[in-house]
Amino acid sequence: MEKFTTITSTCVPLNIENVDTDQIIPARFLKATNRVGFGENLFRDWRYDNKNQPKKDFILNNLSYSGKILIAARNFGCGSSREHAVWAIYDYGFRVVVSSFFADIFKNNCLNVGLLPVQVSDTLLIKIFDAIEKNAMTEVKVDLENQIIEIVNSGTSEKFEIGSYKKECLLKGYDDIDFLLSLKDKVVAYENIHN
């Protein structure tokens, strides 16, 4: 995984509540088992019409918005527990998803692949959406070390929660196996003492 410390980026605002994993990546695209290539089908049925042409009114097709941060409305990632939804978001290029509520399984799947889910208050989420609506070039800064998210131009910020284990993994670029391997010397030393 890539190390994650701080990201400052423009954002893509998806102001739709209760987005489930089937909307994120429709089931017909779940044929592969590696994490590559899913980004092209992110929000497929919302992005393209039945003739495979981009829908002009969908936010990912609006060239005014870009960046590594997806701003999502409340209850993002609900529905089935498919990891492919997270793979699609990550493969598309997002490194952070911000919402005021995430489904637990979706949130854990994010952390397992290096996509940081930042849960904020409803109040801050509204402020972020408002700032982006006024100026598509609004930047948001996400500081994992200090667990702070900030709207850069206004300085409005808030602390966010993350478990210490997953925080350490993200900061060091570890998946679960990398983390265990990082403890190898300690395990060997313990075994040498107790044998």
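Refer to the structure presented above.
Draft legend 1. Focus on the pattern of salt bridges. Taken as a whole and assessed by the stated rule, the structure comprises five salt bridges. The shortest N-O distance in the salt bridge between E2 and R95 comes to 3.6 Å. With E2 in the segment before β1 (6–14) and R95 in the loop between α3 (84–92) and β3 (96–99), this pair connects stretches of sequence that are 93 residues apart. Residue E2 is classed as partly exposed on the basis of its relative accessible area, which comes to 47%. Take R95: its relative accessible area is 15%, and that puts it in the buried class. Of the charged contacts in the structure, one is a salt bridge between R28 and D45, with a shortest N-O distance of 2.5 Å. Here R28, found in the loop between α1 (21–24) and α2 (44–47), pairs with D45, found in helix α2; they are 17 residues apart in sequence, far enough to count as distant. Residue classification places R28 among the partly exposed positions, given a relative accessible area of 45%.

Draft legend 2. Region of the structure containing the environment of D49. Locating D49 in the fold gives a position in the loop between α2 and β2 (69–72). Side-chain polar atoms of D49 contact the backbone nitrogen of K51, separated by 2.8 Å.

Draft legend 3. Main features of the sheet that holds strand β4 (residues 116–119). What the seven strands build is an open sheet, ordered β4-β3-β2-β1-β5-β6-β7; its pairing is mixed. The sheet terminates laterally at β4 and β7 (156–159), the two strands that pair on one side only. Strand-to-strand twist across the sheet, computed as the mean angle between neighbouring axes with direction ignored, equals 25°. Of the pairings in the sheet, the one linking β1 to strand β5 (residues 139–143) comprises five bridges and is antiparallel in character.

Draft legend 4. Examining the environment of V152 more closely. Checked against the element boundaries, V152 lands in the loop between β6 (148–151) and β7. Distance from V152 to V142, taken between C-alpha atoms, is 9.8 Å for residues 10 residues apart in sequence. Beyond its immediate chain neighbours, meaning those up to four positions away, V152 contacts T8, E139, V140 and K141.

Draft legend 5. Up close: the nonpolar core. Counting 56 residues, the largest nonpolar core has F43, F76, V98, F106, L116, V142 and I149 as the members making the most contacts within it. Ignoring anything within four residues of it in the chain, the contact list for F76 reads L14, V19, I24, F43, L70, I89, V97, S99, F101, F102, A103 and F106.

Draft legend 6. Representation of the packing of aromatic side chains. Counted under the stated rule, the structure contains seven aromatic pairs. For the pair F43 and W46, a centre-to-centre distance of 5.7 Å together with 0° between the ring planes defines the contact as stacked. Aromatic pair F102 and F106: ring centres 6.1 Å apart, planes at 15°, arrangement stacked. Assigned by exposure class, F102 and F106 land together as buried. Above the plane of the ring of Y48 lies R44, whose end atom (NZ or CZ) is 4.3 Å from the centre. Above the ring of Y90, the side-chain terminus of R95 is found at 3.7 Å from the ring centroid.

Criteria and thresholds
Residues numbered from 1 in each chain as written. Predicted model: local features only at pLDDT ≥ 70, side-chain atom pairs only at ≥ 80, totals over all residues. Heavy atoms only, no water. Salt bridge = Lys/Arg side-chain N within 4 Å of Asp/Glu carboxyl O. Helix = DSSP H or I, 4+ residues; strand = E, 2+ residues; numbered from the N terminus. Buried < 20%, exposed > 50% of the residue type's maximum accessible area, 1.4 Å probe, protein only. Polar contact = N/O pair within 3.5 Å; in protein donor to acceptor, adjacent residues only side chain to side chain. Pairing = 2+ DSSP bridges. Axes fitted to C-alpha atoms, helices over the stretch in contact; angles between N-to-C directions. Contact = heavy atoms within 4.5 Å. Core = buried A, V, L, I, M, F, W, Y, C linked by side-chain atoms within 4.5 Å. Phe/Tyr/Trp six-rings, centres within 6.5 Å; stacked < 30°, edge-to-face > 60°. Lys NZ or Arg CZ within 6 Å of the ring centre and 35° of its normal.

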